[in-house]
Amino acid sequence: MIAYIKLLIYACVFCIVFCFILGAGASIIIYFKNGYFLIPNGQIKRAIIFGCVAGVAITMATLVFNLIDKYNSRKSPPSDQD
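Residues numbered from 1 in each chain as written. Predicted model: local features only at pLDDT ≥ 70, side-chain atom pairs only at ≥ 80, totals over all residues. Heavy atoms only, no water.

## Side note on the overall build of the protein chain
Then step 1. Summing up its helical and strand segments, the protein chain has 2 helices and 0 strands in all.
Then step 2. Taken over the C-alpha trace, the protein chain has a radius of gyration of 21 Å; the compact-globule value for 82 residues is 12 Å, which it surpasses by more than 25%.
Then step 3. Over its C-alpha atoms, taken along the principal directions, the protein chain stretches across nearly 80 × 30 × 15 Å.
Then step 4. Of all 82 residues assigned to the protein chain, the portion counted as buried reaches 13%.
Then step 5. For the protein chain, contacts bridging at least 24 residues in sequence account for 82% of all contacts bridging at least 6.
Then step 6. For the protein chain, the exposed surface amounts to about 6,800 Å²; the carbon and sulfur share of it is 71%. (Helix = DSSP H or I, 4+ residues; strand = E, 2+ residues; numbered from the N terminus. Rg over C-alpha atoms; globule rule 2.2 N^0.38 Å. Buried < 20%, exposed > 50% of the residue type's maximum accessible area, 1.4 Å probe, protein only. Contact = heavy atoms within 4.5 Å. Areas by Shrake-Rupley, 256 points an atom, 1.4 Å probe, with all protein chains shown as cover.)

Structure below.
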């Protein structure tokens, strides 16, 4: 269970940082186009919220796929009908 909590934290942090990088890239494009550097407060809040949502989704998908693998590994192998 601790591994899933670590995965949740790492996934959220990664997604938040990735959203910040995308926002900074867009701000750099605006800087070169208009001549001023703009990072609105809404963009920061959006990056944090979307990053957390994406991190939770990644963790939940991993948990579901691992549970499916455990369920499939418990199935008995097919018997030979020869």
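We are not done yet, so read on.
## Some remarks on the packing of aromatic side chains
Then step 1. Overall, the coordinates contain 3 aromatic pairs when judged by the stated rule.
Then step 2. With centroids separated by 6.1 Å and ring planes inclined at 15°, the aromatic side chains of F14 and F18 adopt a geometry described as stacked. Of this pair, F14 and F18 are both found in helix 1 (residues 2–34), 4 residues apart, which corresponds to roughly one turn of the helix.
Then step 3. Owing to a relative accessible area of 43%, F18 belongs among the partly exposed residues under this scheme. (Phe/Tyr/Trp six-rings, centres within 6.5 Å; stacked < 30°, edge-to-face > 60°.)

## With respect to helix 2 (residues 41–74)
It helps to recall that an α-helix has 3.6 residues per turn; residues three or four apart then point in one direction.
Then step 1. Spanning 34 residues, helix 2 covers 50 Å between terminal C-alpha atoms, matching the ideal 50 Å at 1.5 Å per step.
Then step 2. All of the buried residues in helix 2 are A47, G51, G55 and T59.
Then step 3. Contact partners of the buried residues in helix 2: helix 1. (Expected span 1.5 Å × (residues − 1).)

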